[in-house]
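Working through the structure, step by step
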Amino acid sequence: GSGTQSLTTGIDSVYAELSYSPTEDIDVVVTARHDTHSRFGGFTTGRLSVNWRPSEETTVRFNLGNGFRAPSYYDLFDAFAGIPTLKPDTSVSYDLGMEQEIGAGAKIGITYFDVTT
């Protein structure tokens with residue numbers, strides 16, 4: 001149509017990260033983020049990552065985290081596809097993988113992952 005609309009949304013966030021290596025072959029990283037969305041409220045996301053090197057040539061990785069995505073103005077208000085009653089998406093994901101050096105700087109890896117939204 002010929003009308004215009006003015007909308008304002010704000011997001012305030014705080015983020016923290018802790019990296020720790022309890023031994024020479026293990027690295028642990030923990031992150032946390034809290035977002036306060038002016039339309040959809042607050043949500044905290046985080047991630048745990050662990051890398052283990054059982055040998056110089058081998059690395060095993062594990063990650064676990066969650067996510068949050070608020071609907072965009074397009075998702076909510078587009079004239080043809082907008083749905084004003086949409087709620088935010090949330091997710092939980094994890095992966096487990098291994099990487100192996102196979103010589104001459106070449107590596108091969110395999111990873112299993114799962115994301116649930």
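Everything below is about the structure printed above this text.
In this report, we go over the structure that sits alongside the text. (Residues numbered from 1 in each chain as written. Predicted model: local features only at pLDDT ≥ 70, side-chain atom pairs only at ≥ 80, totals over all residues. Heavy atoms only, no water.)

**Description of the sheet that holds strand E4 (residues 58-69)**
If you trace the 6 strands from one edge of the open sheet to the other, you get E1-E2-E3-E4-E5-E6, paired in antiparallel fashion. Two strands close off the open sheet at either side, each with one partner strand: strand E1 (11-23) and strand E6 (106-116). Direction aside, the axes of adjacent strands within the sheet are offset by 10° on average. Of the pairings in the sheet, the one linking E1 to strand E2 (residues 26-37) comprises 11 bridges and is antiparallel in character. By the bridge assignment for E2, Ala-16 is matched with Ala-32. (Pairing = 2+ DSSP bridges. Helix = DSSP H or I, 4+ residues; strand = E, 2+ residues; numbered from the N terminus. Axes fitted to C-alpha atoms, helices over the stretch in contact; angles between N-to-C directions.)

**Considering the environment of Asp-27**
Looking at the secondary structure, you find Asp-27 in strand E2. With 79 residues separating them along the chain, Asp-27 and Ala-106 place their C-alpha atoms 23 Å apart. Ignoring any residue separated from it by four or fewer positions in sequence, one finds Asp-27 in contact with Tyr-20, Ser-21, Ser-49, Val-50, Asn-51 and Arg-53. Within polar-contact distance, the side chain of Asp-27 engages the side chain of Ser-21 at 2.7 Å. (Contact = heavy atoms within 4.5 Å. Polar contact = N/O pair within 3.5 Å; in protein donor to acceptor, adjacent residues only side chain to side chain.)

**Side note on a nonpolar patch on the surface**
Where nonpolar side chains cluster on the molecular surface, the patch consists of Leu-64, Val-92, Tyr-94 and Tyr-112 and spans about 380 Å² of accessible area. Residue placement: Val-92 occurs in strand E5 (residues 89-103). Val-92 gets classed as partly exposed once you look at its relative accessible area, which sits at 46%. (Patch = residues over 30% accessible without salt bridge, like charges linked within 9 Å, V, L, I, M, F, W, Y side chains within 5 Å. Areas by Shrake-Rupley, 256 points an atom, 1.4 Å probe, with all protein chains shown as cover. Salt bridge = Lys/Arg side-chain N within 4 Å of Asp/Glu carboxyl O. Buried < 20%, exposed > 50% of the residue type's maximum accessible area, 1.4 Å probe, protein only.)

**Observations regarding the pattern of salt bridges**
Under the definition given, this model contains 6 salt bridges. Taking the shortest distance from any N to any O, the salt bridge between Arg-69 and Asp-89 comes out at 3.8 Å. With Arg-69 in strand E4 and Asp-89 in strand E5, the pair connects residues that are 20 residues apart, well separated along the chain. Among the charged side chains, a network of salt bridges with common partners joins Arg-61, Glu-99 and Lys-107.

**Here we look at the packing of aromatic side chains**
Scanning the entire structure with this criterion turns up 3 aromatic pairs. Ring geometry for Phe-43 and Phe-68: centres 4.8 Å apart, planes at 15°, overall stacked. Placement of Phe-43 in strand E3 (residues 41-55) and of Phe-68 in strand E4 is noted, with a sequence separation of 25 residues between them. Both rings, one in Tyr-73 and one in Phe-77, keep their centres 5.9 Å apart while their planes meet at 40°; by these two values the pair is tilted. In this pair, Tyr-73 and Phe-77 are both assigned in helix H1 (residues 73-77), 4 residues apart and thus about one turn of the helix distant. (Phe/Tyr/Trp six-rings, centres within 6.5 Å; stacked < 30°, edge-to-face > 60°.)

**Looking at the pairing of E5**
Relative to E5, E4 runs antiparallel, the two being bridged by 12 bridges. Within E5, the residue paired with Phe-68 across the bridge is Thr-90. Relative to E6, E5 runs antiparallel, the two being bridged by 11 bridges. When the sheet's bridge partners are listed, Asp-95 is paired in E6 with Phe-113.

**Considering the side chain of Asn-63**
For Asn-63, the location among the structural elements is in strand E4. A polar atom in the side chain of Asn-63 sits 2.9 Å from the side chain of Asp-95. Apart from residues lying up to four places away in sequence, Asn-63 is in contact with Arg-47, Leu-48, Ser-49, Ser-93, Tyr-94 and Asp-95.

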